[in-house]
Amino acid sequence: MHDCIFCKIAKGEIKSEIVDESNNFLAFYDINPKTAGHTLIIPKKHFVTLLDIPSNLGEELLSFTKHISGFLLEKKFGDGFNILMNNLPPAGQVVMHAHIHILPRKESDNVEPVD
Ligand code: AMP
């Protein structure tokens, strides 16, 4: 989609720190991390919210999310992790291209993942 920052990241038109990719999804580090290793997973195609992502991509999304979460734990960014998704502005979505946040967590890091 024209002027969507995450579409530009998916196409390599804007630089990002890519963690890994699958056929339909891309993982990259959040530019403004809430915790060390804060990672975003996006569909490579433009979908606005979870409701727009085709259900037949669900298995790939789950398996890729597990893969990235495991990688972040292996890299010792955290000893646990939160997964969250803001869908539409009342829920805090700022970038209108669907994305899942993975927040590696450490004991007593005092982070409140849901604002
Ligand atoms: P949300 O509030 O769920 O829409 O979150 C959007 C996230 O995208 C925020 O955590 C931002 O820090 C992150 N973000 C925005 N622009 C970029 C970028 N160019 N590269 C990486 N992360 C970004």
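Residues numbered from 1 in each chain as written. Predicted model: local features only at pLDDT ≥ 70, side-chain atom pairs only at ≥ 80, totals over all residues. Heavy atoms only, no water.

Enquirer: Kindly report on the site of the ligand, identifying the contributing residues and their values.
Expert: Surrounding the ligand, one finds 16 residues, the nearest of these being Asp30, Asn86, Val94, His99 and His101. Within the side chain of Asp30, one N or O atom sits 2.5 Å away from an oxygen atom of the ligand. Taking His99, its side chain carries an N or O atom lying 2.7 Å from an oxygen atom of the ligand. Protein contacts shield 83% of the accessible area of the ligand, which totals 510 Å² for the unbound molecule. No other element matches helix 1 (residues 5–11), which puts three residues into the shell around the ligand. Each residue belonging to the shell around the ligand can be placed in one class, and the counts come to nine nonpolar, six polar and one charged. (Near = heavy atom within 4 Å. Polar contact = N/O pair within 3.5 Å; in protein donor to acceptor, adjacent residues only side chain to side chain. Areas by Shrake-Rupley, 256 points an atom, 1.4 Å probe, with all protein chains shown as cover. Helix = DSSP H or I, 4+ residues; strand = E, 2+ residues; numbered from the N terminus. Nonpolar A, V, L, I, M, F, W, Y, C, P; charged D, E, K, R; others polar.)

Enquirer: Just give me the short version of the nonpolar core, but keep the residues and values in it.
Expert: Phe25, Ala27, Ile41, Phe64 and Ile68 are the most contacted members of the largest nonpolar core, which totals 15 residues. Looking at this core, the elements with two or more residues in it are strand 2 (25–29), helix 2 (58–74) and strand 5 (100–105). Ranked by residue count, the leading element in this core is helix 2, at four residues. Look past the residues within four positions of Phe25 in its chain and what remains in contact with it is Ile41, Ile42, Pro43, Lys44, Leu57, Glu60, Leu61 and Phe64. Within the second largest apolar cluster, eight residues are counted, among which are Cys4, Phe6, Leu26 and Ile42. (Core = buried A, V, L, I, M, F, W, Y, C linked by side-chain atoms within 4.5 Å. Buried < 20%, exposed > 50% of the residue type's maximum accessible area, 1.4 Å probe, protein only. Contact = heavy atoms within 4.5 Å.)

Enquirer: Explain the environment of Ile18 to me, using residue names and the numbers behind them.
Expert: Position of Ile18 among the secondary structure elements: in strand 1 (residues 18–21). Separated by 56 residues in sequence, Ile18 and Glu74 have C-alpha atoms that sit 17 Å apart.

Enquirer: Before we move on, could you go through unusual backbone geometry and cite the residues and values that matter?
Expert: With a phi angle near 75 degrees, Leu88 is a residue other than glycine that sits in the positive phi range. When its relative accessible area of 42% is taken as the criterion, Leu88 is described as partly exposed. Phi angles above zero are rare outside glycine, and Ser108 is one such case at about 60 degrees. Following the sequence through the fold, Ser108 ends up in the segment after strand 5. The exposure class of Ser108 is exposed, given its relative accessible area of 64%.

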